[in-house]
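Residue strings, one per chain:
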Amino acid sequence: MHRLLCLHVFLCCLSMALPFCPSQCTCVFHGRIDGTGTRSVLCNDPDMSDIPVNVPVDTVKLRVEKTTVRRIPTEAFYYLVELRYLWITYNSITSVDTGSFYNLKVLHELRLDGNMISVFPWESLKEMPRLRTLDLHNNRLTSVAPEAIPYLLNITYLDLSSNKLTTLPSDLMDIWPPLNGVPISSNASQKVVLGLQDNPWFCDCKISKLMEISKMADTPVILMDLFLTCAAPENLAGVLFQRAELENCVKPSVMTSATKITSTLGSNVLLRCDASGSPTPDLYWTRSDGSSVNNTVQESPGEGINWSIMSLHGVEYKDAGNYSCKAKNVAGTAKATISLTVAGTMSTTTPPLRPSAGTGPISQGTALTPPNDISKSQVTAPTVLPGSLTTLSAGQKPPKLISSNGSQKGLLKETKQQQESNGKKFAADEKSKKRDDSRAVKDLEIVEQTADSAVLLWTAGGLLNDAPLTVVYSPYGEDDSKRTMESKAGSGKVLLDGLSPGMRYSVCLVAKVSAAGKDPCIDFYTEDSEQSKLFFIISGIACVLVLPLIALLVYKILALYCNGRNAHSDENELENESYVKFETISMKQRILTSHPTELWARRPTNESERLLLCSRSSIDSQMTYKSDGSRSEYLC
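About the cut-offs
Residues numbered from 1 in each chain as written. Predicted model: local features only at pLDDT ≥ 70, side-chain atom pairs only at ≥ 80, totals over all residues. Heavy atoms only, no water. Pairing = 2+ DSSP bridges. Helix = DSSP H or I, 4+ residues; strand = E, 2+ residues; numbered from the N terminus. Axes fitted to C-alpha atoms, helices over the stretch in contact; angles between N-to-C directions. Patch = residues over 30% accessible without salt bridge, like charges linked within 9 Å, V, L, I, M, F, W, Y side chains within 5 Å. Areas by Shrake-Rupley, 256 points an atom, 1.4 Å probe, with all protein chains shown as cover. Salt bridge = Lys/Arg side-chain N within 4 Å of Asp/Glu carboxyl O. Contact = heavy atoms within 4.5 Å. Buried < 20%, exposed > 50% of the residue type's maximum accessible area, 1.4 Å probe, protein only. Disulfide = S-S within 2.5 Å. Phe/Tyr/Trp six-rings, centres within 6.5 Å; stacked < 30°, edge-to-face > 60°. Lys NZ or Arg CZ within 6 Å of the ring centre and 35° of its normal.

1. Points about the sheet that holds strand β19 (residues 305–312)
Reading across the sheet, the 4 strands line up as β14-β16-β19-β18 and stay open at both edges, with antiparallel pairing between neighbours. With partners counted over all chains shown, the strands left at the sheet margins are β14 (250–256) and β18 (296–302), one partner each. When the angles between neighbouring strand axes are averaged without regard to direction, this sheet yields 20°.

2. Overview of a nonpolar patch on the surface
Nonpolar side chains collect at one region of the surface, where I537, I541, L545, V546, L547, I550, V554 and L558 lie side by side and expose about 750 Å² of accessible area between them. Position of L547 relative to the elements: it lies in helix α4 (residues 529–577).

3. A short note on the environment of W122
Looking at where W122 falls in the secondary structure, it is placed in the loop between β7 (109–111) and β8 (133–135). It is 7.5 Å that separates the C-alpha atoms of W122 and E147, two residues lying 25 residues apart in sequence. Among all residues touching W122, those that are not within four sequence positions of it are L134, L136, V144, A145, A148, Y151, L152 and L160.

4. Considerations on the pairing of strand β22 (residues 442–447)
Of the strand pairs in this sheet, β22 and strand β23 (residues 453–459) are connected by 4 bridges, and their pairing is antiparallel. Residue pairing across strands places V447 opposite V455, the latter belonging to β23. From the end of β22 to the start of β23, which pair antiparallel, there are 5 residues, and E448 there has a positive phi angle of about 55°.

5. Brief notes about the environment of G195
You can see G195 is positioned in strand β10 (residues 192–195). When its relative accessible area of 0% is taken as the criterion, G195 is described as buried. With 33 residues separating them in the primary sequence, G195 and S162 have C-alpha atoms 8.9 Å apart. Those residues in contact with G195 that sit more than four places away from it in its chain are L158, D159, L160, S161 and M224.

6. Considering the sheet that holds strand β21 (residues 332–343)
With mixed pairing, the 4 strands of this open sheet are ordered in space as β15-β21-β20-β17. In this open sheet, the two strands that pair with only one neighbour each are β15 (260–264) and β17 (282–287). The average angle at which neighbouring strand axes cross in this sheet is 25°, direction not considered. Relative to strand β20 (residues 321–329), β17 runs antiparallel, the two being bridged by 6 bridges. Counted as the bridge partner of R287 is Y323 from β20.

7. Details of the pattern of salt bridges
Pairing of side chains with opposite charge becomes possible as their charged atoms draw close. Applying the stated criterion across every chain, the model contains 12 salt bridges. Across the salt bridge formed by R63 and E65, the nearest N and O atoms sit 2.9 Å from each other. On the basis of relative accessible area, E65 is assigned to the buried category, the value being 14%.

8. Re the state of the cysteines
Per the counting criterion, the structure on display carries 6 disulfides. There is a disulfide in this structure between C203 and C230, and the S-S distance comes to 1.9 Å. With the S-S dihedral at roughly -100°, the linkage between C203 and C230 falls on the left-handed side. With C203 in the loop between β11 (201–202) and α2 (208–214) and C230 in strand β13 (residues 230–232), this residue pair connects regions lying 27 residues apart in the sequence. Residue C203 is classed as buried on the basis of its relative accessible area, which comes to 3%.

9. What to know about the packing of aromatic side chains
What the rule picks out here adds up to 3 aromatic pairs. Their ring planes at 70° and their centres at 5.0 Å tell us that F120 and W122 sit as a pair that is edge-to-face. Pairing Y505 with F524 gives two aromatic rings, centres 5.8 Å apart and planes at 20°, and the pair type is stacked. Here the residue Y505 occupies a position in strand β27 (residues 504–511), and F524 occupies one in strand β28 (residues 521–525), the gap between them amounting to 19 residues. Considered together, Y505 and F524 belong to a single accessibility category, that of buried residues. If you follow R272 out to its NZ or CZ, it ends over the ring of W307, 4.8 Å from the centre. Residue placement shows R504 over the ring face of Y476; its charged tip is 3.7 Å from the ring centre.

This is the structure in structure tokens:
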């Protein structure tokens, strides 16, 4: 009896230890030889109206199909920490809460197709970091929110077909190659499958990127149906994406004022870029590390045109680097980069301190004034004399410290004498500097620049003609590649050869008799040989084309002039030959005479009669008038 009781208790405990399966579901355990396995649960009872809550915790795959479930509540599966596949398909679901998929950290596949979902909580995808498959086809989705884009970065299978989508966020296609800038690879792991067919697409610039992908032959983005068609606007209804041509949809293009800029330390820099496109693109500035730049100005002078200026005030070495100007509209993006180099050294000048009573003039430097109560201080620092440096050179010994109260007066007196002597020396140095400035060369000028040479001109000023000069020149900012030439101050000219085309150079004149730090310098650019060759080629082509045209024009002018003169002479001849001398012939009176043959008499015709005769027709001119008194004929 005792043994039977123990067996009963054991069987009860064993039954409680086994996972419990919901009454409306079927649980299957797929075991392996090593004792491990996976559990799948299928719930397809038509009378089921709620998501089951007593699913075994070791479930890996859960399927809820063909039920009357209408809603997925918050944290419906939070205890299924091993769930990898969740299929809730062909139900009557209309509502999905934001926290419905809480704690599904290892979920790989989510299928919600065949429901009546009109709004999907895209932010709920952040609870599923390992999700790769999202199936929402055959629902009632009308849009995809732009906020969904960050949560779709890792999705490799997205099915949105058979919904009511008319458009997509313009940035959605930018998360996948080739539009994300990642080089196209044949690696299968980078393939992305999209199901977008059977939607009433409105073909405009917002989905131009999708239309562009549909026209690509080899792309990592694979469309389930290549024959996507437009439903609107009316002029594109029924047209395939591959054949549709959009109006007022142009990718932006960016142009910068320069690609490389070198600026001196502490100066102000303005960087400008211009963009064009349709619709009008927006401009953004970023640094090389991707951080945005805020001190920018942007303006659109007209439709499809935009420009932006970024300002940097008092540039430092940390400001050097690449700055990118990015233009963006719904049709695409474009980027241009400007490289900024900061050269030179920062010079800091300490304003002179106003001398106190009993002390000499104080110049540049740091002056340490002895404290009023020297007896309280055991260490007194010597005053730094005018014109001296505050740093000690190598091998120089620091001044000794005086720690006796009895030498206070002697120290102050000695310091005062040194300040007076140094003040005189400072004034003498100023006069000598002025004299040196008058003797320095000036009016530096670069002329006759070519691709590999330039001529430097200068005026000797107060220097002697035979005073030696050293010409130092190098590419701008490259002090380690300096070259020197010796010359005389009186020559006033020197040829700099061996230069590289299209580069900026710095040249300085060093006179041994001039003051240190006062050497005059000038910067110049050499010509670009490629541009010169191109200019000569274009000029030659222009001459070949223009000269024949000029010769033809001169020929035509001369021909017209000669024809004009011939026409004038022909006109005069025609005028002379256009008139015929007319005579009037009348019948003489019949009288008895010895010469009966002279029956006609001639008389002159006046101008009016002649004009009248000429205006008559040929038939009228041949008519003969007969009368009793006389008979006359008019012949023209």
